[in-house]
Amino acid sequence: MSRFISQRFTNLEAYVPGEQPQDKRYIKLNTNESPFPPSPEVFAAINAQEVEKLNLYPDPEGRVLRQRLAQFYGVGMENVFLANGSDELLNFFFMAFCDESRPAAFPAVSYGFYPVYASLYGLPHDAVPLREGFVLDPADYCAIGKNIVIANPNAPTGRALGVEDIEKIVRTNPDHVVLIDEAYINFGGESCIPLTGKYKNLLVCQTFSKFRSLAGGRLGYAIGDSGLIQDLEKIRYSTNSYNINRLTMAAGIAAIDSNDYYEKNGRIIQENRAYTISELDKLGFETLPSQANFIFTRSPRIPGGTLYRSLKARGVLVRHWDKPDIADWCRVTIGARNEMEIFLEKIREILEEAK
Ligand code: PMP
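Just so it is clear, the structure is predicted and the values come from calculations on it, not from any experiment. (Residues numbered from 1 in each chain as written. Predicted model: local features only at pLDDT ≥ 70, side-chain atom pairs only at ≥ 80, totals over all residues. Heavy atoms only, no water.)

Caption draft 1: The arrangement of the packing of aromatic side chains in detail. Enumeration over the complete set of coordinates arrives at 22 aromatic pairs. Between Tyr 73 and Tyr 221, the aromatic rings sit 6.0 Å apart at their centres with planes inclined by 35°, giving tilted as the arrangement. Of this pair, Tyr 73 sits in helix H3 (residues 63-73) while Tyr 221 is found in strand E8 (residues 220-224), placing the two residues 148 residues apart along the sequence. A relative accessible area of 1% means that Tyr 221 is categorised as buried. These aromatic residues form a ring-pair network of at least three members: Tyr 15, Phe 93, Phe 94, Phe 97, Phe 106, Tyr 111, Phe 113, Tyr 114 and Tyr 117. Above the ring of Tyr 237, the side-chain terminus of Arg 236 is found at 4.6 Å from the ring centroid. The aromatic ring of Phe 294 is capped on one face by Arg 331, whose charged end is 5.6 Å from the ring centroid. (Phe/Tyr/Trp six-rings, centres within 6.5 Å; stacked < 30°, edge-to-face > 60°. Helix = DSSP H or I, 4+ residues; strand = E, 2+ residues; numbered from the N terminus. Buried < 20%, exposed > 50% of the residue type's maximum accessible area, 1.4 Å probe, protein only. Lys NZ or Arg CZ within 6 Å of the ring centre and 35° of its normal.)

Right under this line is the structure:
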């Protein structure tokens, strides 16, 4: 840090993303990416004609993509907001809706970026503890009187709430915005996008990074009441009006138009998840039920940090946090079948050595 940094940020602790090593090839099960390439339609969309237009700015309104998403979800275009990854949407959410009088509340064990954004804007925030077994009790959020952010399914646990539970939270907080972060919704959870027509205080965000194999393209979106979308647009136009680049816009349109391809991949991930959990069960691991493309698991014999390091030394990357509540656990992205087989083989080796 230099002596020039604004005083506002001297104590800010930045978010630390998962490792993206460039030195050697790992089996990469640490950042919940898809093991599958984008659809053939996406490859076709990123063509010379599109590259030729890179001298021109993209449509700041992202009309074609917003139209496609609106059709896909049966909402109006005025209900769709585009962001440079859902991280940008989260950033805009905290900036647009939270202040001293409207603090934010989110689960104490959840996506690590929520407290970072709250701190970035110096916002009061409430990390609500989860219950036994990392269970999120909706009652803890009913009439809480704060803006709420809930990842559903939650990360890193993989546990999901049903739409009725979410509705209870939204209904009992009519004067606050509830953001449901559905980054992992396509792997078994039930989306609450249909509720956005009924509640003016509900925003749902999703991403192209996981299910739609576009993490490198950086594309996310929110669906909600047009009033909330306009508030987000005000922030976006005050920050970066061309936030979605031309190639990503083209890729996003093609990805929406090739839904069957992604649905098929999603089913494979769910099969691989069931397989991995049952093999880990046989090895004595405890794994939380997951409706996401990752699992949260722990060995009764090997501490989480040791397991993470031993796997890394064997060429398999998983995610581990050295934080009191979750230090025993590792989050493992569900990849292709052969990747999960290698992961399990390395686990067996590590258990054998620890005997
Ligand atoms: N929300 C959750 C819960 C996540 O785990 C992630 C991925 N790290 C994101 C949002 C951000 O995803 P992206 O910015 O790639 O859309």
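This is not the end of the story, as more comes after the structure.
Caption draft 2: Just the packing of helix H10 (residues 304-313) against helix H11 (residues 337-353), in detail. The N-to-C vectors of H10 and H11 enclose an angle of 115°; their axes lie 10 Å apart at closest approach. For the crossing formed where H10 meets H11, the hand is right-handed. Residue-level inspection shows Leu 307, Ser 310 and Leu 311 of H10 in contact with H11, the latter providing Phe 343, Lys 346, Ile 347 and Ile 350. (Axes fitted to C-alpha atoms, helices over the stretch in contact; angles between N-to-C directions. Left-handed = near helix turned anticlockwise from the far one by under 90°. Contact = heavy atoms within 4.5 Å.)

Caption draft 3: Just the site of the ligand, in detail. Around the ligand, the structure places Gly 85, Ser 86, Asp 87, Tyr 111, Asp 181, Ala 183, Tyr 184, Thr 207, Ser 209, Lys 210 and Arg 218. Tyr 111 has a polar side-chain atom sitting 3.3 Å from a nitrogen atom of the ligand. When the free accessible area of the ligand is taken as 400 Å², the share hidden by the protein chains comes to 91%. Here the shell around the ligand is composed, by residue class, of three nonpolar, four polar and four charged. (Near = heavy atom within 4 Å. Polar contact = N/O pair within 3.5 Å; in protein donor to acceptor, adjacent residues only side chain to side chain. Areas by Shrake-Rupley, 256 points an atom, 1.4 Å probe, with all protein chains shown as cover. Nonpolar A, V, L, I, M, F, W, Y, C, P; charged D, E, K, R; others polar.)

Caption draft 4: Summary view of the domain arrangement of the protein chain. In terms of domains, the protein chain is made up of domain 1 (7-37 + 260-353) and domain 2 (40-258). Centre-to-centre, using C-alpha coordinates, domain 1 lies 24 Å away from domain 2. Across the boundary between the two partners, domain 1 contributes 32 residues, which contact 33 residues of domain 2. Between domain 1 and domain 2 lies a buried interface of about 2,600 Å² when both sides are counted; carbon and sulfur atoms form 66% of it. (Domains from an automatic or database assignment. Buried area = accessible area lost by both parts, 1.4 Å probe.)

Caption draft 5: Summary view of the environment of Tyr 242. Its location among the elements puts Tyr 242 in the loop between helix H7 (226-237) and helix H8 (246-256). The sequence separation of Tyr 242 and Ala 83 amounts to 159 residues, and the corresponding C-alpha distance is 9.8 Å.

Caption draft 6: Representation of unusual backbone geometry in the model. Note that the residue after Asn 152, namely Pro 153, is joined by a cis bond; omega there is -5°. Its location among the elements puts Pro 153 in the loop between strand E5 (147-151) and helix H6 (163-171). The phi torsion at Phe 134 lies on the positive side, around 60°, for a residue other than glycine. Inspection of the secondary structure assignment puts Phe 134 in the loop between strand E4 (125-128) and E5. By relative accessible area, Phe 134 is classed as buried at 13%. Positive phi, close to 50°, is recorded for Ser 213, a residue that is not glycine. Among the secondary structure elements, Ser 213 is positioned in the loop between strand E7 (202-207) and E8.

Caption draft 7: Up close: the sheet that holds strand E2 (residues 80-83). If you walk across this open sheet you meet the seven strands as E2-E8-E7-E6-E5-E3-E4, and the pairing is mixed. Pairing within the sheet leaves two strands with one partner each, and these edge strands are E2 and E4. Recorded for the sheet is a direction-independent mean angle of 20° between the axes of neighbouring strands. Of the strand pairs in this sheet, strand E6 (residues 178-181) and E7 are connected by four bridges, and their pairing is parallel. In the strand pairing of E7, Val 178 is matched with Leu 202. (Pairing = 2+ DSSP bridges.)

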